[in-house]
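For reference, the chains in residue letters:
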Amino acid sequence: MTAPGIRFPSLPDFPWDSLAAETATARSHPDGVVDLSVGTPVDPVPAVVAEALRAAWNSPGYPQTWGTPRLRAAAVEALERRYGAEGVVADAVLPTIGSKELVAWLPTQLGLGAGDVVAIPDLAYPTYEVGALLAGASPARVADDEPLPEGTRLVWLNSPSNPTGRVLGVEALATRVAEARRVGAVVASDECYLGLPAPGADPVSVLDPRVHGGSMDSLLAVHSLSKTSQLAGYRAGFVVGDPELVAGLLAVRKHAGMIVPRPVQEAMTAALSDDAHVAETRQRYDARRAVLRPALERAGLRIEHSEAGLYLWATADRPCRETVGWLAERGILVAPGEFYGPAGARHVRVALTASDERISAAADRCDSVAREHFPGL
Ligand SMILES: Cc1ncc(COP(=O)(O)O)c(C=O)c1O
């Protein structure tokens, strides 16, 4: 032991590390792997964004933690135009280095710690739990119809959900916001999939006046450009909402050097000012969903929720690791539902983030399974 005083935080194992065996199996498929285990974009960065990045390459000085005024204004306008947000002020927009870092550090930056409860969805993106643990607070999985536990100081909402693609309606969101305000908790609404509804779905933001009731009090909306604008590689996100909360976060983050690089700020401004590429992205995922969803169903899986976002939430009514192994033998790699909480033990999450060619390959492999069962298909 070289440094006996060092005690790294005790965190769960990184979930994807446990997929090594299934990954090796899927990779050995003679026609190549179809990796649908991670929601990482594969389509090109939109041209308007790339141009803005190129134009800003000569940025030798330190950028502002708060972001440029143009970026903050573009964020407010995009929220109003795309999602009907009302009451958002540009001073209450704060760029983040992707949204994962904010999710992981928000409880710490809000000053939460021992004795404080961070309520997370019963099926949740793993970083909500990690963020609570990093702060020394207690994560608590709370289903939508359960009350917030005693001591709740922060409530994570995530609609459309990762992993289920479930969309919460205005009433469900407004009820949770009202309850959180009653008990004095902050609501952080992770809205990174809001721009990617499947046809017929209509996800809402907490920034919608029907949800917030005309006040930003205690509200934070967390946005990411990773999925709607193919910018996962740029690390581009922002948090927006209650001006006092955002000012507090800015003060911490200025000291901590959590600054989005200036060329990325310019790229974000361009992405937030253009809706055409978002519509194109949505159409691409709609087309992939329309190919893969029925193919998985023909192979015997049942799809639940999956109303928006980048994932199909599927079950073969057996333990998730068996389904992951069964698909891996067909060269298709997916994530076991248990990564997202015990309630996912019999589900798998299938990402739509693969090229059209790979999605078709996955659908063909599902159909050959279906033909084994139903030869006339
Ligand atoms: C629900 C949710 N929140 C946040 C993130 C983080 O995204 P990023 O850091 O790329 O903005 C992800 C990424 O997959 C996610 O699924």
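These figures come from a predicted structure and were not determined experimentally.

Peer 1: Help me understand the overall build of the chain, please; the structure alone is not making it clear to me.
Peer 2: Of the regular secondary structure elements, the chain holds 12 helices and 13 strands. For a compact globule of 377 residues, the expected C-alpha radius of gyration is about 21 Å, and the chain comes in at 21 Å, within 12% of that figure. The long-range share in the chain, meaning contacts at least 24 apart out of those at least 6 apart in sequence, stands at 76%. For the chain, the accessible surface area stands at approximately 16,100 Å², while carbon and sulfur atoms represent 54% of it. Between the centroid of the 35 positive side chains of the chain and the centroid of its 45 negative side chains there is a distance of 3 Å.

Peer 1: Whenever I open this one, the site of the ligand confuses me. Can you help?
Peer 2: Near the ligand you find 14 residues, and of these D190, Y193, S224, S226 and R235 are the closest. N162 has a polar side-chain atom sitting 2.7 Å from an oxygen atom of the ligand. Within the side chain of Y193, an N or O atom sits 2.6 Å from an oxygen atom of the ligand. Considering only residue class, the shell around the ligand consists of four nonpolar, six polar and four charged.

Peer 1: Even after reading the chapter, I still don't get the sheet that holds strand β7 (residues 219–224), so can you show me in this structure?
Peer 2: Through backbone hydrogen bonds, the strands of a sheet pair up, either in parallel or in antiparallel fashion. Sheet architecture is open: seven strands sit in the order β2-β8-β7-β6-β5-β3-β4, paired in mixed fashion. Looking along the sheet, the strands with just one partner apiece sit at the ends: β2 (93–96) and β4 (138–142). For this sheet the average axis-to-axis angle between neighbouring strands, irrespective of direction, equals 20°. Here strand β5 (residues 152–157) pairs with strand β6 (residues 186–190) via four bridges, running parallel. Residue pairing for β6: L157 is matched across the bridge by S189. In the packing of helix α6 (residues 170–183) onto the sheet, contacts are made with β4, β5, β6 and β7, and the angle to β5 comes to roughly 165°. Against the sheet, helix α8 (residues 243–256) makes contact with β2, β6, β7 and β8 (237–241), and its axis sits at roughly 40° relative to β2, the strand it touches most.

Peer 1: How should unusual backbone geometry be read in this particular structure?
Peer 2: Negative phi is the rule for most residues except glycine; trans is the rule for most peptide bonds. In this structure, P160 follows S159 across a cis peptide bond, with omega equal to -5°. With respect to the helices, strands and loops of the structure, P160 is situated in the loop between β5 and α6. Looking along the chain, the bond that leaves N162 and enters P163 is cis, with omega of 25°. Checked against the element boundaries, P163 lands in the loop between β5 and α6. In the Ramachandran plot, S306 falls in the positive-phi region, its phi being about 55° despite a non-glycine side chain. Tracing the sequence through the fold places S306 in the loop between β9 (302–304) and β10 (311–315). Judged by its relative accessible area of 2%, S306 falls in the buried class. One non-glycine residue, D317, lies in positive phi territory at about 55°. Mapped onto the fold, D317 is located in the loop between β10 and α11 (320–329). Residue class for D317 comes out partly exposed when judged on its relative accessible area of 44%.

Calculation notes
Residues numbered from 1 in each chain as written. Predicted model: local features only at pLDDT ≥ 70, side-chain atom pairs only at ≥ 80, totals over all residues. Heavy atoms only, no water. Helix = DSSP H or I, 4+ residues; strand = E, 2+ residues; numbered from the N terminus. Rg over C-alpha atoms; globule rule 2.2 N^0.38 Å. Contact = heavy atoms within 4.5 Å. Areas by Shrake-Rupley, 256 points an atom, 1.4 Å probe, with all protein chains shown as cover. Lys, Arg positive; Asp, Glu negative; His and termini not counted. Charge placed at Lys NZ, Arg CZ, Asp CG, Glu CD. Near = heavy atom within 4 Å. Polar contact = N/O pair within 3.5 Å; in protein donor to acceptor, adjacent residues only side chain to side chain. Nonpolar A, V, L, I, M, F, W, Y, C, P; charged D, E, K, R; others polar. Pairing = 2+ DSSP bridges. Axes fitted to C-alpha atoms, helices over the stretch in contact; angles between N-to-C directions. Buried < 20%, exposed > 50% of the residue type's maximum accessible area, 1.4 Å probe, protein only.

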